[in-house]
Every structure is written in structure tokens, then in C-alpha cells.
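What the coordinates show
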Amino acid sequence: MSKIKVVQLILPGLLLSLSFCTAATFGQSTGSASTRYDFDGDRKADISVFRPSDGVWWVRRSSDGTDSATNFGLGPDKIVPADYDGDLKADYAVFRSGTWYRLKTLTNTVDVFNFGLSTDIPLPSDFDGDGMSDISVFRPQNGTWHRLNSSNGQYAGLQWGMTGDIPLVGDYDADGKTDFTVFRPSEGNWYHLNSANYSINVYHFGLLGDIPLAGDFDGDLRFDLAVWRPSSRTWFIQRSSDGGSYASVFGLPTDIPVPADYDGDGKADISVYRPSDSVWHRINSSTNNYVSAQYGIGADIPVPAPNSSMSTPTPPPSFTCDYFASPTGTSSGTGTIASPWSLQAGLDKTTLVRNGKTLCLRGGTYRGKFTSTLNGGGIVRSAPGEWAVIDGNYSTTLNGAVNSSQTTFALADAGQVLAGSPGVTEIWIDDEVIHTFNKSGNTITQSIRGYGGTTAASHSNGATVKIIGSQLNTPGSNTTYQNFEITTSLPNRSGIYQYQRGHGVFNTGTGNSFINLIIHDTVVGIFTGSASGNTLIYGTLIYNCGM
């Protein structure tokens, strides 16, 4: 198992290879997980509301259908029900300006803890695997988590997230412990830090405006990726059991999603609460039957709502797209959303993408190796609500056979060769690396055969030609690259393959910034030389790099 370190550094011209892996082992959970929002201990979530007007919790017990009313809290409190004492029943609890008040069902006693700030988002959950929820908060101002372990009372803190993220709690790796998870609305990305082995998982699932949801919808003991899209009344769920996804239209745009296991089958049910008439609507996963019930009045807060009583996350700074590139863009495009550039064409626009102007990358995969000569204070980033991925695993074919001494030859598509200035110069055919100098159209007009210690050989018509080197070369200066992904899907990692795999970013320019990037499965995450002064690397995730 490997533990990935998050890169968050300011580098004033250091020679640096960023790909960190340290060995670590972690224990397994011994706790027994309770059912969320189950106040009577029958392993079924109960329909329940908190009434701010008088601080009363109303619960309809699923075990016998009767109602209970418990006065505990004040109107402005944030409700934080959870099983804090390990009796498999949810305890009434509130968070008030940095203070926790808990009414424990096991002993019918109240305890009070001062933990957190008034602006924190309280997120009680079982992080240490002892079967009891821990006091925990997420601090939206700086993306940090703070908690008190119920197993030993010790404090633990971690930076995982950033301004604008929405935190969620759930066990995504089935080890009986809650994993640190945030959803980044500006990207539609989920960031998991798994507690089982501290591995990092990043998933693109959702759009700007979606509401992320926490729940195990397929009953495999792992939480699934799920969002509710109010604009289309649609639930989107990706099952952890098989990676498949599905969509279900259920509810109205003004409904509040309240997923939970109401029928006791171990699966979260699609469910909404309608504030206009206080009616609960759901589809039981055990039978696929529709069920509705009126419960609550006026401004009641539905207890199973994941974010109903939390602080609204601070939105990230807004920005304007001045130009656009797209995976289907062309070098002859005008840079508009209707006529976008190709990525390489956009990275060549040194007179346009400068002085704070933003080149927005439309969502999708940009295949190939790219070089940016931008040098005037421009910004390159994913378009709002979209996610761009640079995948350096790109190939074409020979257009005609080549003997071992031939230095001029044709490719089916030489667009990625010598692209940019200076551009990618090496190609790989079979086991030979060829260094190219000039081309005309799709014809290489000057090259050195058997480059880098390889042997010149003959190659047949149609042979695969791989473009090698780093995915993004940045010889330009004073440009910000942020909020997109860089990788290579090349499956081989050893021998000559590392030459083709290349670095994520090869930075030789000065004053460049690399912010909130995701870089993985390259030889080195970011290489920046000693001559590349004033380099900023901030909030960037680098993982699974190296041989």
C-alpha cells in the first residue's frame, strides 16, 4: 500500500521531481456500523424533522409507526444526529457556534464539547472504526478537517479540500472507517482519501449546480458517487459494486433530497422531502415500490437531508472565458465557443492569451503531447463546470515502409510531431527512437535514426508510431495553468516505455504557476529546473507516478 502526499508548495526555482510514495500499513475496523438516521435501532432510517421554531425533533419510528417528540436545541442550531455511543441508535445532537450538545440514548445523558468555529461545517462520522461517530468539522475557509476520535479522545487534523468544496462523509472503501471526501462543484470532481490505504481517488461525476449525496445505493458496503440535479429532477448514481451508472427522474426542482435506508435492505433509497406540503416521497430499493407520507410542517428541517442545516460552502472566485479550446477544435478556429481552437493552437496564441485573459478548455480528453509558449500573464484552465484531461498516450502510423538508414519518411498524421515551438521531437517505432528536426505536412524531412541508444531498424508500412516525451511542456513564462488533469493511459511502465511515458509537466519557463492540477501515471509529476525561477505549485494532486 502507498500513501500519497498532496503537493502544496511555492518553489523559487528549485530542481524538483514531484512524485511521492511512502509505505504505510493501516488496521481494519472492529466497529459495527449503525444505520444513518435510525432513532429506534431497527436498522431502518426514520422519517424525521427538526422544528427550528421550538427546537423539537419529531420522529416517526419505523419499528411501530408511532411518533416521538424531543425538545433538544434552538432554532439557529445545526442538527448533527449520529450514533455517538455505539448503541446502534441515532442520538439527538446540535452544533451551536462551535459547541456540540449531544443527548445520548444509551445513558439518556447530555454532554457538551467546545470544538470548532461558528463557521465550520459539522460532520460527525466514524473515522476511527470503533462503531461510534466522532465529533468532526470541515473548515471551508481553508479546506481542513478537524476531529476528536471517540476511541481515544485524541485530536486529528488534515487538509483535504479547498474553498468552494462540499464535504461529504461515508465509507467508500468498505473498511468500516469514514473516508475524507469533497465534491468540487466548479469541476464536477470527487476527491476521496481512502482510509484503508491512504490512496487518492479522483472521479469526474456531476456538474456545476448538482447536489452531491452520500449513500450506499447498491448494498455493497461502499458508498457510491451520487448527485441530484434539480434542474432536470434527475438522480445520477454510479455503483461502486460494478462501476455502472444510472439515472432516475424523481422529484421536483424545489424538493430536498433525503436518501437513506428506509426499508432496511442495506441500500439507500431515492427519496425527497417536499417543503411546500411536507410530503416525503421515495422509491423503496427492496421492492421498487413508491411510498409517500406527510410528515412535518412549514419550515421544518428534514433530518436525513445531507446539507440542510450546514453552512453554505463559500463559492470559488468567478472567472470569464475569453477564448476556448476543445478536443474537436482546429488550428483554423477563431477561439470562440462556437469555433474553438485545438489545444496546441490555443497554447500558441501568445499575443491573445495574456494580461489576465483566460483560455478555457472544454471538457473532454486532449490526446497528445503539447507545448505552451504563452508568456504574458494568461490563464489556461477547464471551462466552468467542465473538466479537461490531457492524455499523452497518442499514436499514429507509418505511411509507407522505412529502411534502417532512411531519414525522410511519411506519417499518417504528423500533427503532433514538432508541434509548438520548440516542439516534441522524438517518436518511437517498434523499439527505435527517432529524433526529428523538420517536417513538411505529414512528411518528416530530417531526422536522426537510432536516437537515445536505440538501434535503427526497418519498419513496415502501417507500423505504430508513438509520440514520446512529457505531456505538457512549458518553455513560456508567467502563465497560470489550473484546474485540469494531466496523465498518460499508456499501460507499460518500465524499460523504454518510461521514455514514451514522460513527465506530466516539463517546465523550463520562469514565473509559471501550476494550481489545482491533477497529475498521475507519468514518470514525474512536475519537473521544474533550477533556471525556472518563481515557479508556483499549489493545491496540486500528484499520484501513481514513477516506474
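So, here is what we can say about the structure in this document. Please read these numbers as outputs of a predicted model, since none were measured by experiment.

Strand order in the open sheet formed by six strands is E35-E40-E37-E38-E39-E36, and the pairing between neighbours is antiparallel. In this open sheet, the two strands that pair with only one neighbour each are strand E35 (395-397) and strand E36 (409-410).

Residue position: proline 167 is located in strand E16 (residues 166-170). If we skip the residues at most four places from it in the chain, proline 167 touches Ile121, Leu123, Phe138, Trp145, Thr181 and Val182.

Here we come to the state of the cysteines. Put plainly, two cysteines are in a disulfide when a covalent bond ties their sulfur atoms together. Following the criterion strictly, the structure yields one disulfide and no others. Each disulfide pairs two cysteine sulfurs, and for cysteine 321 the partner residue is cysteine 360, the sulfurs being separated by 2.0 Å. Taking the torsion about the sulfur-sulfur bond, which here is approximately -85°, the covalent link between cysteine 321 and cysteine 360 counts as left-handed. Linking cysteine 321 in the loop between strand E28 (301-302) and strand E29 (323-330) with cysteine 360 in strand E30 (residues 358-361), this pair joins segments that are 39 residues apart in sequence. In terms of burial, cysteine 321 and cysteine 360 fall into one category: buried.

Looking now at the sheet that holds strand E26 (residues 279-283). Strands pair in a sheet through their backbones, by hydrogen bonds, and they do so in one of two ways: parallel or antiparallel. Here we have four strands laid out as an open sheet, ordered E24-E25-E26-E27, and antiparallel in their pairing. Two strands bound the open sheet, and with one partner strand each, they are strand E24 (256-257) and strand E27 (290-294). The sheet contact formed by E26 and E27 spans five bridges and is antiparallel. What sits directly across from valine 279, in E27, is glutamine 294.

We now examine the nonpolar core. Leu347, Leu359, Leu361, Val380, Leu472, Phe484 and Ile486 are the most contacted members of the largest nonpolar core, which has 27 residues in total. Elements with a contribution of two residues or more to this core: E29, helix H1 (343-347), E30, strand E34 (388-391) and strand E48 (535-543). With three residues, the top contributor of residues to this core is H1.

On to the side chain of aspartate 87, then. You can see aspartate 87 is positioned in the loop between strand E8 (78-79) and strand E9 (92-96). Despite its burial, aspartate 87 pairs with no opposite charge, the nearest such side chain being lysine 89 at 5.4 Å. Here the side chain of aspartate 87 touches leucine 106 through a polar contact of 3.4 Å, landing on its backbone nitrogen. Not counting chain neighbours up to four residues away, the residues in contact with aspartate 87 comprise Thr105 and Leu106.

Our next topic: the side chain of asparagine 149. By the element assignment, asparagine 149 lies in the loop between strand E14 (144-148) and strand E15 (155-159). For asparagine 149, a relative accessible area of 11% gives the class buried. Among the polar contacts listed, one links the side chain of asparagine 149 to the side chain of arginine 147, at a separation of 2.6 Å.

Moving on to the pairing of strand E6 (residues 56-60). Pairing analysis gives five bridges linking strand E5 (residues 47-51) to E6, with the strands arranged antiparallel. Pairing of serine 48 across the sheet is with valine 59, part of E6. Hairpin connection of E5 to E6: four residues between the antiparallel strands, including glycine 55 at a positive phi of 70°. Where E6 and strand E7 (residues 67-71) come together, five bridges link them in antiparallel fashion.

Rules of the game
- Residues numbered from 1 in each chain as written.
- Predicted model: local features only at pLDDT ≥ 70, side-chain atom pairs only at ≥ 80, totals over all residues.
- Heavy atoms only, no water.
- Pairing = 2+ DSSP bridges.
- Helix = DSSP H or I, 4+ residues; strand = E, 2+ residues; numbered from the N terminus.
- Contact = heavy atoms within 4.5 Å.
- Disulfide = S-S within 2.5 Å.
- Buried < 20%, exposed > 50% of the residue type's maximum accessible area, 1.4 Å probe, protein only.
- Core = buried A, V, L, I, M, F, W, Y, C linked by side-chain atoms within 4.5 Å.
- Lys, Arg positive; Asp, Glu negative; His and termini not counted.
- Salt bridge = Lys/Arg side-chain N within 4 Å of Asp/Glu carboxyl O.
- Polar contact = N/O pair within 3.5 Å; in protein donor to acceptor, adjacent residues only side chain to side chain.

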